[in-house]
Amino acid sequence: MEILNYAFMQRALIAALIVGITAPAIGIYLVQRRQALMGDGIGHVALTGVGLGFLLNTSPIWVATAVAVAGSVVMELIRWYGKTRGDLALAMLFYGGMAGGVMLMNLSDAGSNANLGTYLFGSITTVSPQDMTTIYVLAALVLAITIGLRRQLFAVCQDEEFARVTGLPVRLLNLLVAVTAAVTVTVAMRVVGLLLVSALMVIPVAAAQQISRSFAVTFSVAVAIGVAVTLTGTATSYYVDVPSGATIVLFAIGLFIVFTGLAAPLAKKRARAAAEASKGCTLEVPGDRTATDDVSVAG
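The structure reproduced in this document is the subject of the present report. (Residues numbered from 1 in each chain as written. Predicted model: local features only at pLDDT ≥ 70, side-chain atom pairs only at ≥ 80, totals over all residues. Heavy atoms only, no water.)

### What about the overall build of the protein?
Line of reasoning, step 1. When helices and strands are tallied, the protein shows 12 helices and 0 strands.
Line of reasoning, step 2. Going from N to C terminus, the protein has its helices and strands arranged as α-α-α-α-α-α-α-α-α-α-α-α.
Line of reasoning, step 3. Counting across all 299 residues of the protein, residues that qualify as buried make up 45%.
Line of reasoning, step 4. By sequence separation, contacts in the protein at least 24 residues apart represent 76% of the contacts at least 6 residues apart.
Line of reasoning, step 5. A total of about 15000 Å² of accessible surface is found on the protein, and carbon and sulfur atoms cover 66% of it. (Helix = DSSP H or I, 4+ residues; strand = E, 2+ residues; numbered from the N terminus. Buried < 20%, exposed > 50% of the residue type's maximum accessible area, 1.4 Å probe, protein only. Contact = heavy atoms within 4.5 Å. Areas by Shrake-Rupley, 256 points an atom, 1.4 Å probe, with all protein chains shown as cover.)

Following this line, the structure appears as structure tokens:
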């Protein structure tokens, strides 16, 4: 294949594969917690880290990771203690992160509007060998947490009160989910961009939920969808010369529509199977039953 003859496309496809696995892997917990847009908020904050990285003339990905992690911790603290004014505080954090990133990028000698666009909307063909090393390390951390602690994280995301009663460190695990989401955002920002990364976390999971009921199957299907759309979108962006991030997200939305169309027939099939199973559950009265076996209630 021609696409594999170029080193930059080899890196692009590997990065796409990694992001296709990691984004849905943490996204399933965010969807379970009804925090589907958390990745979008972290992306706004991470932009400040990108601008700071250019201003300090160091790796934007590592600085963005540090800033995104700090931002995710603040977001969790606001969720715990923010009560009535929490939404306003989060809004200021998100918009401040976006404005700070734009300002720092323009103040730096290395930054420019072109650089800003590659981080906002993704530019997978510009992934460098140094970026790949960072992506490998961060992705390994994300997968170790999302797979290694899947039972604990699922329990907390499903029912915090029940998890607390069973003795799980609920706040620590919630914080771990937020930090892992922040790391995932920085892993994916070169592939789909900071403004679109939340879509790759959420849409594959939403599509998988249309045809699956169990957590394990939903997890596996969501990751499979993530891998399919990132690889297909990357290859399409190369041959058609269109933005990779937008292409990947549009493919994901297309699969969601397909899976939604399959959901109704599958639901009917399950209903028929359940009805057939219930017909077999009948109570037979023994033939040697006598009148003395009846239970009567005195008036």
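What follows continues from the structure just given.
### Structural notes on the environment of Met38
Line of reasoning, step 1. Tracing the chain through its elements places Met38 in helix H2 (residues 38-55).
Line of reasoning, step 2. Distance from Met38 to Ala181, taken between C-alpha atoms, is 8.1 Å for residues 143 residues apart in sequence.
Line of reasoning, step 3. Beyond its immediate stretch of four places on either side in the chain, Met38 contacts Leu30, Met75, Glu76 and Ala178.

### Focus: the pattern of salt bridges
Line of reasoning, step 1. Considering all chains together, one arrives at 2 salt bridges under this definition.
Line of reasoning, step 2. One salt bridge in this structure joins Arg33 and Glu76, with 3.0 Å as the shortest N-O distance. Residue Arg33 is located in the loop between helix H1 (7-32) and H2, and its partner Glu76 is located in helix H3 (residues 60-81); the two are separated by 43 residues in the primary sequence.
Line of reasoning, step 3. On the basis of relative accessible area, Arg33 is assigned to the buried category, the value being 11%.
Line of reasoning, step 4. Across the pair Arg164 and Glu161 runs a salt bridge whose closest N-O atoms are separated by 3.1 Å. Placement of both Arg164 and Glu161 in helix H8 (residues 160-165) is noted, with a separation of 3 residues, approximately one turn of the helix.
Line of reasoning, step 5. On the basis of relative accessibility, which here comes to 39%, the residue Arg164 falls in the partly exposed class.
Line of reasoning, step 6. Judged by its relative accessible area of 53%, Glu161 falls in the exposed class. (Salt bridge = Lys/Arg side-chain N within 4 Å of Asp/Glu carboxyl O.)

### Focus on a nonpolar patch on the surface
Line of reasoning, step 1. Taken together, Ile14, Trp62, Tyr136 and Val137 make up a surface patch of nonpolar side chains, about 370 Å² in accessible area.
Line of reasoning, step 2. Given the relative accessible area of 41%, Tyr136 is considered partly exposed. (Patch = residues over 30% accessible without salt bridge, like charges linked within 9 Å, V, L, I, M, F, W, Y side chains within 5 Å.)

Note that all results are geometric; they support no functional claim without further evidence.
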